[in-house]
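Below are the chains, spelled out letter by letter.
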Amino acid sequence: MADCIFCKIVAGEIPADKVWEDDHVLAFRDIQPIAPTHVLVIPKVHVESFADVDEIRAPFLASLARAVREVAAAEGVDTTGYRLLANTGPDAGQEVMHLHVHLLGGRPLGPMLSMRGSGR
Ligand code: 5GP
Ligand code: ZN
């Protein structure tokens, strides 16, 4: 997709600190890390979010799972634990409209959600 920053990273038009890739998936370090390990795992094909994953686009999901497994091991967080996060849509604050899973670890990550706000 022309104006998509993650498509440009896939195409090599914007540099990224790549840590894993296969034919379907690319993993690279977040430019503004919020944990010692903060890697983004994305499909190489442009998919906006999990809401757009159908049978045709689904084949990357196996690669995504493999990337998570192998990146977590390479980063040394497979035994200490990590969090996978996929912001989807406005309430989640999704900024980049190309599906990405944050892989966060390397320190205790605290509660799953911020306690600020109404909480329900
Ligand atoms: P979202 O809020 O959409 O779930 O997260 C988007 C993430 O992409 C943010 O954590 C942001 O730091 C990261 N990001 C945005 N632009 C770039 C970029 O050009 N390169 C890299 N490596 N990460 C980016
Ligand atoms: Zn894209």
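As shown above, the structure is provided for reference.
Residues numbered from 1 in each chain as written. Chains lettered and ligands numbered in written order. Predicted model: local features only at pLDDT ≥ 70, side-chain atom pairs only at ≥ 80, totals over all residues. Heavy atoms only, no water.

Participant: Residue-level account of the overall build of the chain, with values.
Facilitator: Looking only at helices and strands, one finds two helices and five strands in the chain. Start at the N end of the chain and walk to the C end: the helices and strands fall as α-β-β-β-α-β-β. A compact globule built from 120 residues should have a C-alpha radius of gyration of about 14 Å, and the chain, at 14 Å, falls within 12% of that. Based on the C-alpha atoms only, the size of the chain along its principal axes is roughly 35 × 35 × 30 Å. (Helix = DSSP H or I, 4+ residues; strand = E, 2+ residues; numbered from the N terminus. Rg over C-alpha atoms; globule rule 2.2 N^0.38 Å.)

Participant: Any details on the coordination of the zinc ion (ligand 2)? Residues and values, ideally.
Facilitator: All of the protein donors around the zinc ion (ligand 2) are C4 (SG), C7 (SG), H46 (ND1) and H98 (ND1); their distances to the metal are 2.0 to 2.3 Å. Angles of 105 to 115° at the metal separate the four donor atoms of the zinc ion (ligand 2), which places the site in the tetrahedral class. Between consecutive donors of the zinc ion (ligand 2), the numbers of intervening residues give the motif C-x2-C-x38-H-x51-H. Taken as a pair, C7 in helix α1 (residues 5-10) and H98 in the loop between β4 (82-85) and β5 (101-105) lie far apart in primary sequence, 91 residues in all. Exposure class is identical for C7 and H98. Each is buried. (Donors = N, O, S within 2.8 Å, 3.2 Å for Na, K, Ca; no water. Tetrahedral: all angles 85-135°; square planar, octahedral: opposite > 155°, others 65-115°. Buried < 20%, exposed > 50% of the residue type's maximum accessible area, 1.4 Å probe, protein only.)

Participant: Go over the site of ligand 1 with me, naming the residues and quoting the values.
Facilitator: Around ligand 1, the surrounding shell holds 16 residues, and the nearest of these are R29, D30, E95, H100 and H102. Taking N87, its side chain carries an N or O atom lying 2.9 Å from an oxygen atom of ligand 1. Taking V96, its main chain carries an N or O atom lying 3.0 Å from an oxygen atom of ligand 1. Its free accessible area being 520 Å², ligand 1 has 85% of it covered by the protein chains. Those elements that provide at least two residues to the shell around ligand 1 are α1 and β2 (25-29). (Near = heavy atom within 4 Å. Polar contact = N/O pair within 3.5 Å; in protein donor to acceptor, adjacent residues only side chain to side chain. Areas by Shrake-Rupley, 256 points an atom, 1.4 Å probe, with all protein chains shown as cover.)

By themselves, these observations are geometric and do not establish any function.
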